[in-house]
Amino acid sequence: MDARRAVRADGLGADAAGLGDAPAGAADGLFGAGALAACALCPRRCGAARAVGERGVCGAGAGLRLARAALHFWEEPPISGEAGSGTIFFSGCPLKCVYCQNHEISTGNFGIEVPPERLAQIMLELQDQGALNINLVTATHYAHLLPRALDEARSLGLAIPIVYNTSGYERVEAVRALGDIVDIWLTDFKYADAGLGRALSHVPDYPEVVGPALAEMCRQLERRGGAAERADGTWTRGIIVRHLVLPGHADDSCRVLDAIWRIAGDVPISVMNQYTPNAAMRAVGGELARAVTDEEYERVLDHADDLGFTQMFWQEGGAVDESFTPAFDTTGVLAPAGVSGSAAG
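Residues numbered from 1 in each chain as written. Predicted model: local features only at pLDDT ≥ 70, side-chain atom pairs only at ≥ 80, totals over all residues. Heavy atoms only, no water.

K.L.:
Explain the overall build of the protein chain to me, please; I cannot follow it from the model alone.
P.N.:
Scanning the protein chain for helices and strands turns up 10 helices and 12 strands. The 345 residues of the protein chain split such that 57% are buried. Of the roughly 13100 Å² of accessible surface on the protein chain, a fraction of 52% belongs to carbon and sulfur atoms. (Helix = DSSP H or I, 4+ residues; strand = E, 2+ residues; numbered from the N terminus. Buried < 20%, exposed > 50% of the residue type's maximum accessible area, 1.4 Å probe, protein only. Areas by Shrake-Rupley, 256 points an atom, 1.4 Å probe, with all protein chains shown as cover.)

K.L.:
Honestly, the packing of helix H8 (residues 250-264) against helix H10 (residues 294-307) in this entry has me stumped. Any pointers?
P.N.:
How two helices sit against one another is set out by the angle between their axes and by the gap between those axes. Between H8 and H10, the shortest axis-to-axis distance is 9 Å and the interhelical angle comes to 20°. It follows from the interaxial angle that H8 and H10 lie roughly parallel. Pair H8 / H10 crosses with right-handed handedness. When H8 is examined against H10, the residues Ala250, Asp251, Ser253, Cys254, Leu257, Asp258 and Trp261 are found in contact with a partner set consisting of Glu296, Arg299, Val300, His303, Ala304 and Leu307. (Axes fitted to C-alpha atoms, helices over the stretch in contact; angles between N-to-C directions. Parallel < 35°, antiparallel > 145°, perpendicular 65-115°, else oblique. Left-handed = near helix turned anticlockwise from the far one by under 90°. Contact = heavy atoms within 4.5 Å.)

K.L.:
Looking at this model, I keep getting lost on the pattern of salt bridges. Mind explaining?
P.N.:
Pairs can form between side chains of opposite charge whenever their charged atoms are close. This structure, assessed with the given rule, holds 15 salt bridges. The partner of Arg223 in a salt bridge is Asp180, with the nearest N and O atoms 2.6 Å apart. Taken as a pair, Arg223 in helix H7 (residues 206-223) and Asp180 in the loop between helix H5 (172-177) and strand S8 (184-188) lie far apart in primary sequence, 43 residues in all. A relative accessible area of 44% places Arg223 in the partly exposed class. Look at the salt bridges and you will find they share partners, linking Glu75, Glu76 and Arg242 into a network. (Salt bridge = Lys/Arg side-chain N within 4 Å of Asp/Glu carboxyl O.)

K.L.:
Any chance you could explain the environment of Ala120 here in plain terms?
P.N.:
With respect to the secondary-structure elements, Ala120 resides in helix H3 (residues 117-128). Residue classification places Ala120 among the buried residues on the basis of a relative accessible area of 4%. Linking Ala120 and Ala149, residues 29 residues apart in sequence, is a C-alpha distance of 5.1 Å. If near-sequence neighbours (up to four positions away) are discounted, Ala120 is found in contact with Ala149, Glu152 and Ala153.

K.L.:
Can you help me understand the packing of aromatic side chains in this one?
P.N.:
Aromatic ring pairs are described here by two measures, namely the spacing of the ring centres and the angle between the planes. Enumeration over the complete set of coordinates arrives at seven aromatic pairs. Taken together, a centroid distance of 5.3 Å and an interplanar angle of 75° make the contact between Tyr191 and Tyr206 edge-to-face. Placement of the pair is Tyr191 in the loop between S8 and helix H6 (194-201) and Tyr206 in helix H7, with a sequence separation of 15 residues. Residue classification places Tyr191 among the buried positions, given a relative accessible area of 0%. Among the aromatic residues, those joined into a ring-pair cluster are Tyr169, Phe189, Tyr191 and Tyr206. (Phe/Tyr/Trp six-rings, centres within 6.5 Å; stacked < 30°, edge-to-face > 60°.)

K.L.:
Just checking my understanding: could you explain unusual backbone geometry for this structure?
P.N.:
A positive phi angle, close to 45°, is found at Arg45, a residue other than glycine. With respect to the helices and strands, the residue Arg45 is situated in the loop between strand S2 (12-14) and strand S3 (64-72). For Arg45, a relative accessible area of 48% gives the class partly exposed. Of note, Thr330 is a non-glycine position whose phi angle comes to about 65°, a positive value. Relative to the assigned elements, Thr330 resides in the segment after strand S12 (312-315). When its relative accessible area of 0% is taken as the criterion, Thr330 is described as buried.

K.L.:
Teacher, can you tell me more about the environment of Leu30 here?
P.N.:
Secondary-structure assignment places Leu30 in the loop between S2 and S3. Assessed through its relative accessible area of 15%, Leu30 is described here as buried. Considered as a pair, Leu30 and Leu41 are 11 residues apart in the sequence and their alpha carbons are 6.9 Å apart.

Below, the structure written as structure tokens:
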């Protein structure tokens with residue numbers, strides 16, 4: 001490998017430009033008043049009558065459910081910097097990844113139900129704590145709430161960028177509707193093989209959905225003026241495409257990089273080796289019961305170099321450290337972090 005990569009503080013390596021337009025006042029019909037009548041917010045389009053309490057495949061019903069809202073210091077350096085990223089973890093997830101490290105909230109739907117107005121308040125509280133940005137983690141199934149929440153927060157003084165932290169499994173229409181309010185796209189590209197998506201995330205069409213969504217994210221970024229950063233190198237606009245290398249699947253990881261290069265060119269990428277088998281994977285055994293080997297990870301990094309990626313974040317240290325995965329204890333959901341009043345729901 002060449003010497004482009006430099007180690008980042010949490011073990012991720014980095015190699016590597018003001019805020020964009022004001023948030024849109026109203027999104028298109030996808031986020032309209034009837035969005036939850038027969039839900040089609042994510043590519044599953046499961047049709048759940050969430051408006052009357054039926055839960056979708058994602059686990060969400062009519063209300064907004066949050067698991068944590070606090071500063072997080074272990075994203076890529078342009079996102080976390082020294083001050084931290086103001087992460088808001090939404091409960092539930094359209095994917096059902098069998099190896100998920102956040103399974104308590106993604107499939108367990110752990111969290112507290114709060115009124116939508118609370119979302120804008122949380123953003124302002126995180127800004128007051130010094131957050132460099134507002135990091136919306138897995139908000140796909142609540143995206144209809146975001147334009148109004150951002151309008152409200154901006155009107156009350158929110159002045160930091162919005163990060164949309166997603167599995168990548170998004171409808172193109174949703175990405176387009178979010179284009180004026182999302183400043184930084186932090187998106188996964190998990191699989192090139194649809195069979196892996198079916199087996200490991202229970203979706204039939206992951207690569208064919210993620211490709212067009214990624215292309216639209218890039219278009220929206222360029223429409224807003226392209227990447228932008230502060231004097232200290234932290235970002236105010238941009239995109240990072242993340243990929244978690246899975247044990248036994250380095251071949252697919254290389255194909256993922258091929259797909260990213262074909263769709264987005266020399267886009268910033270983050271290649272992660274932090275896979276840690278959860279209890280379910282350890283019980284089942286097989287390849288996903290172990291960590292990624294150094295050889296597997298080096299092979300994927302070498303392939304990224306060979307393709308020509310020049311902006312790459314990478315990790316040293318292997319399996320995830322507890323500090324990378326926050327405690328999902330509803331910190332900051334009912335009151336700012338450090339203030340009494342939070343309780344598990």
